[in-house]
Amino acid sequence: MSDKIDRREFIRMLSALGLSAAAFSGLTIEELAMFFGAGPAFAGTVSQVYMAKGGTMEDRLKRVLAPLGSISRFVKKGIWVVLKPNIAWARKPEQAATTTPELMYCLVKACYGAGAGKVDIYEHTADQYIFAFRESGIQKAVESAGGRMNSGHRSSLYKKIPIPKGKDLKESHVLRPVLETDCFINVPTAKVHHAAGLTFGLKNHMGIIKDRGMWHRKDLQQCIADFSSAIRPALTIIDATRLLLTNGPKGPGKVKIMNTLIAGLDPVACDAVACTLFNTAPEKYPCLPRAAVLGVGEYRLNKIRINPV
Amino acid sequence: MMLIFRRIVQVIFLAAFLALFIFTTLGPGFQVPENYFFYFSPLLSLSLLLSAHYTTTLWIIAPLSLLLLTLILGRFFCGWICPLGLCIDISDRIFRFTKRKKAGFPSQARFYVLGGLIAAGIIGVNLFYHFQPLVILYRTLAFVFFPLLQRFVPNIGDFPLHPESSVTYIGTWSFLVIFLVILFISFFGPRFWCRNLCPEGALLSLLSRFSPLRRFSKPGCSGCGDCRTTCPGGRNNSDCIRCMQCLAACKEKNAGFSFKISRRVADLDIGRRAMLLSGLAGAAIAVGFTLDPLKKKLYPRLIRPPAALPEEKFVNQCVRCGECMKVCPTGGLQPCFWESGIEGMWTPRLVPVLGECVESCTMCGNICPTGAIQKIKPEDKKYMPIGTASINKKACIAWAENKQCMVCQEFCPYLAIWAVPRGKINVPEVNIRNCVGCGICERNCPAVPDRAIKVYSPIGAGYRKRLRTGGN
């Protein structure tokens, strides 16, 4: 190749540069739209969801967050981070009913690595929290990484918020730290669920509210959708390291090892992609279309771009 | 001087009792200390021997060591160690400022109480727990003061006093009333309870009268009677609680204690006829209790803790210390009142609405000092059903209202609820083979106002019929 660059070469280089910049800067159209305040459900855009398979947990987490701008995009220096894993049940990690402890360890480490001032884990467990925290192995993992475990069993921790877009749910008591934190990250696990069908990110919100029974007395799916219009995590990371295929959500049931992480900014799109792991169409999981109607995100797979990383 | 020393010792023992009480909860290390005070009670050991025919090495050695010390030092336990004694001392202090009535009560009454309890125990009815000072204090602390304390001081540092944010106990008032009565009868004289009623003290008195640690007055005594008016026990060697208050009260410095072996043994002054009568009264009460109509038809929801002994044996072997209910991490274990008859008063039962029996928890059995609740491994719990859940299909959200619910199935750790597809939704159905009756479904059932799924006890009335008809 000569030293001089001809026009064709120049254009080729320029387009390659542009493409790679678009790919690595993580600035998708959707994010640009969000940046300009157009809201997440920007008409005509494509929701980006990233999916990482295989490798060690640390590597997988790094890969899945890299195109989103790595963890430092969400966790700024000195801020307070609240993570919401699924520790509803006093089940062992192998039983796949709770978020994998290694993921929590890596995530807390990553948050501190990005300069977080404080990393808190909040969960309103369904089982007695001491047993749930211990059995799931998350307490040990989080505390060895320097994070703090907090249970939401005290009613003084909750604050009532209005849900203006809600159809069935007009207001709800939400964990105060989730409302006050600088960065709220939802880390659900992927399971089947006899009541809701499946459970991912939106359903995981039931661990930050006070009265779950009320949602069942009303319409569960509509309440899940309504609530997601009021609380939006900065980031959703769905843990599909192990899938619970039967007897969900508590198990014990059939477990399938997938070693997958799904991450994205759009909570509905993340859930819709997770549905495909169970060979279910997102349309069959009623809270997703209903959340989409409220403008929370995109559930149609043809409008979602799944990026394997 | 001696008085201050005694107060320090008393406070140390009360503090130890309180510390053991506070730490009888689910700590970070899952290690729960036992309350060793109970083992040193000869009365509790006697109650286990008589009414439950049960004893262990610890239940023999510990009370014997206290009895041996009593043989040497007299009733020092009452004056120096008993934590309830210190509480009564404090109330004495308050009543000292009021004008006291003269007590015409016979101090031998405590022997008659003991006689009645022993007679009932021989027949096979355990009544000792109504009068044993340590368990009275523990119950009061657990059911009255702990819920209050927790409201104001939820945790010590990072360590929560109780895993639940606010525990409550059914019938708290009754325990408070009993405790206040014991304190307020001091109005009729110092240490009224200890001197006149406490059967534990009576048991120690029987040996205390042989003790060589005796009170004496020096020859210069003018007989002013100052020591007599302040004496909380009695000047008799069997009544004396070795509190040494007479040393401080004597202005002439003529009172003293010394070790002196003497042939003269204090007279107990127990009336033979009164003793016989009290024994008969105890026996009559015991027979009456066995005829109790409530016992024949036990409350359908009388759910005993896992690995509790069979009902008949359980009510006799349980000393009602309340430790199991204090330690229960969900606060589901509650004291009975009439649910298992008069005989089973204050025994523990699970109230699932207040708290479930956690799948991997065996705290109540580990803490039980008498083995009325057996020590088991958590993995064995699924083979020891304590009840069976039953669905009221008229109240169930899924059955009656066609809504997605299945919360009971979600929570059930034993796969004892089937999800049966019905139309667009699933409805729950109990698999009685897997159900152990832990009650987690009942606690979390969202149906209002009454839970649609409830746990019924296999020893309760109408259980078999309920199983046959599916609870409807």
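Residues numbered from 1 in each chain as written. Chains lettered and ligands numbered in written order. Predicted model: local features only at pLDDT ≥ 70, side-chain atom pairs only at ≥ 80, totals over all residues.

## Quick word on the overall build of chain B
Consideration 1: Regarding its fold elements, chain B presents 21 helices and ten strands.
Consideration 2: Split into buried and exposed, the 472 residues of chain B put 49% on the buried side. (Helix = DSSP H or I, 4+ residues; strand = E, 2+ residues; numbered from the N terminus. Buried ≥ 20, exposed ≤ 12 C-beta atoms within 10 Å, placed from the backbone.)

## Re the overall build of chain A
Consideration 1: Broken down by element type, chain A carries twelve helices and twelve strands.
Consideration 2: Taking the contacts inside chain A whose residues are at least 6 apart along the sequence as the reference set, 73% of them involve residues at least 24 apart. (Contact = placed C-beta atoms within 7 Å.)

## Regarding unusual backbone geometry
Consideration 1: The omega angle of the peptide bond from glycine 251 of chain A to proline 252 of chain A is -5°, so this bond is cis rather than trans.
Consideration 2: Put simply, valine 448 of chain B and proline 449 of chain B share a cis peptide bond, and its omega is -5°.
Consideration 3: One can find proline 449 of chain B in the loop between helix 20 (440-444) and strand 10 (453-456).
Consideration 4: Non-glycine residue leucine 415 of chain B carries a positive phi angle of around 55°.
Consideration 5: With respect to the helices and strands, leucine 415 of chain B occurs in the loop between helix 19 (407-411) and strand 8 (417-422).

## Comments concerning the confidence of the model for chain A
All names here are of chain A.
Consideration 1: The predicted model of chain A averages 87 in pLDDT, with 85% of residues at 70 or higher.
Consideration 2: The least confident element of chain A is helix 2 (residues 29-35), whose mean pLDDT is 50; the most confident is strand 2 (residues 80-85), at 96.
Consideration 3: Here residues 35-44 scores under 50 on pLDDT; set against residues more than four positions off or in separate chains, the count is eleven contacts. (pLDDT = per-residue confidence, 0-100.)

## Considerations on the interface of chain B and chain A
Consideration 1: Facing 23 residues of chain B, the contacting portion of chain A comprises 20 residues.
Consideration 2: For the side of chain B that touches chain A, the element with the most residues is helix 19 of chain B, which contributes four residues.
Consideration 3: Here the residues of the side of chain B that touches chain A are counted per class, giving 15 nonpolar, six polar and two charged. (Nonpolar A, V, L, I, M, F, W, Y, C, P; charged D, E, K, R; others polar.)

## Things to note about the domain arrangement of chain B
Quoted interface sizes are often the accessible area lost when the parts come together.
Residues and elements named next belong to chain B.
Consideration 1: Per the domain assignment, the segments of chain B are domain 1 (2-259) and domain 2 (294-469).
Consideration 2: For domain 1 versus domain 2, the separation of C-alpha centres amounts to 36 Å.
Consideration 3: Secondary-structure elements contributing two or more residues to the side of domain 1 that touches domain 2 are helix 2 (42-52) and helix 7 (133-152).
Consideration 4: Among the elements that take part in the side of domain 1 that touches domain 2, helix 7 stands out by supplying six residues, more than any other.
Consideration 5: Residues of the side of domain 1 that touches domain 2, tallied by class, amount to 19 nonpolar, eight polar and three charged. (Domains from an automatic or database assignment.)

## Re helix 3 (residues 57-73) of chain B
Residue and element names in this part refer to chain B.
Consideration 1: Over its 17 residues, helix 3 runs 24 Å from end to end, which matches the ideal 24 Å to within 8%, given 1.5 Å per residue.
Consideration 2: Taken as a whole, helix 3 has its buried residues at Trp59, Ala62, Pro63, Leu66 and Thr70. Angularly, the buried residues of helix 3 cover 90° about the axis, an arc narrow enough to put them on a single face. Exposed side of helix 3, more than 90 degrees from the buried face: Thr57, Ser65 and Leu68 are the residues found there.
Consideration 3: Turning to helix 3, the residues buried within the fold contact helix 2, helix 4 (76-81) and helix 10 (199-208).
Consideration 4: Residue glycine 74 follows helix 3 closely and has a positive phi angle near 80°. (Expected span 1.5 Å × (residues − 1). Arc of directions from axis to C-beta.)

## Here we look at the nonpolar core
Consideration 1: One finds Leu107 and Ile262 of chain A to be the most contacted residues of the largest nonpolar core, which totals 222 residues.
Consideration 2: With ten residues, helix 7 of chain B is the largest single contributor of residues to this core.
Consideration 3: Here this core gathers at least three residues from each of two domains, domain 1 (2-259) and domain 2 (294-469) of chain B.
Consideration 4: Excluding its chain neighbours within four sequence positions, the residues that come into contact with isoleucine 262 of chain A are Val49, Met51, Ile238, Ala240, Cys270, Val273 and Ala274 of chain A. (Core = buried A, V, L, I, M, F, W, Y, C linked by C-beta atoms within 7 Å.)

## Some details on the packing of helix 5 (residues 83-95) of chain B against helix 7 of chain B
Residues and elements named next belong to chain B.
Consideration 1: Helix 7 packs onto helix 5 with a crossing angle of 70° between their chain directions and a minimal axis gap of 8 Å. Taken together, the axes of helix 5 and helix 7 lie roughly perpendicular to each other. Each of Pro83, Leu84 and Cys87 in helix 5 lies in contact with helix 7, whose residues at this interface are Pro133, Leu134, Ile136 and Leu137.
Consideration 2: In the contact of helix 5 with helix 7, the residues fall into seven nonpolar, no polar and no charged. (Axes fitted to C-alpha atoms, helices over the stretch in contact; angles between N-to-C directions. Parallel < 35°, antiparallel > 145°, perpendicular 65-115°, else oblique.)

## Describing helix 6 (residues 109-123) of chain B
Residue and element names in this part refer to chain B.
Consideration 1: Its 15 residues place the ends of helix 6 21 Å apart at the C-alpha level, agreeing with the 21 Å of an ideal helix rising 1.5 Å per residue.
Consideration 2: Helix 6 sits mainly inside the fold: twelve of its 15 residues count as buried.
Consideration 3: By the burial criterion, the buried members of helix 6 are Arg110, Phe111, Tyr112, Val113, Leu114, Gly115, Gly116, Leu117, Ile118, Ala119, Ala120 and Gly121.

## What about the confidence of the model for chain B?
Consideration 1: Looking at chain B, the pLDDT average stands at 89 and 97% of residues meet or exceed 70.
Consideration 2: Here the predicted complex scores 0.87 on pTM and 0.84 on ipTM.

## Description of the packing of helix 3 (residues 57-65) of chain A against helix 4 (residues 101-113) of chain A
All names here are of chain A.
Consideration 1: For the pair helix 3 and helix 4, the least separation of the axes is 9 Å and the interaxial angle reads 55°. Judged on the interaxial angle alone, helix 4 and helix 3 are oblique. As helix 3 runs across helix 4, the sense of the crossing is right-handed. Judged by residue contacts, Met57, Glu58 and Leu61 of helix 3 engage Glu102, Leu103, Cys106, Leu107 and Ala110 from helix 4. (Left-handed = near helix turned anticlockwise from the far one by under 90°.)

## Notes on the environment of cysteine 106 of chain A
All names here are of chain A.
Consideration 1: Topologically, cysteine 106 is positioned in helix 4.
Consideration 2: Residue class for cysteine 106 comes out buried when judged on the 22 C-beta atoms lying within 10 Å of it.
Consideration 3: Between the C-alpha atoms of cysteine 106 and lysine 62, which are 44 residues apart in sequence, the distance is 9.3 Å.
Consideration 4: When sequence neighbours within four positions are dropped, the list of residues in contact with cysteine 106 reads Met57, Glu58 and Leu61.

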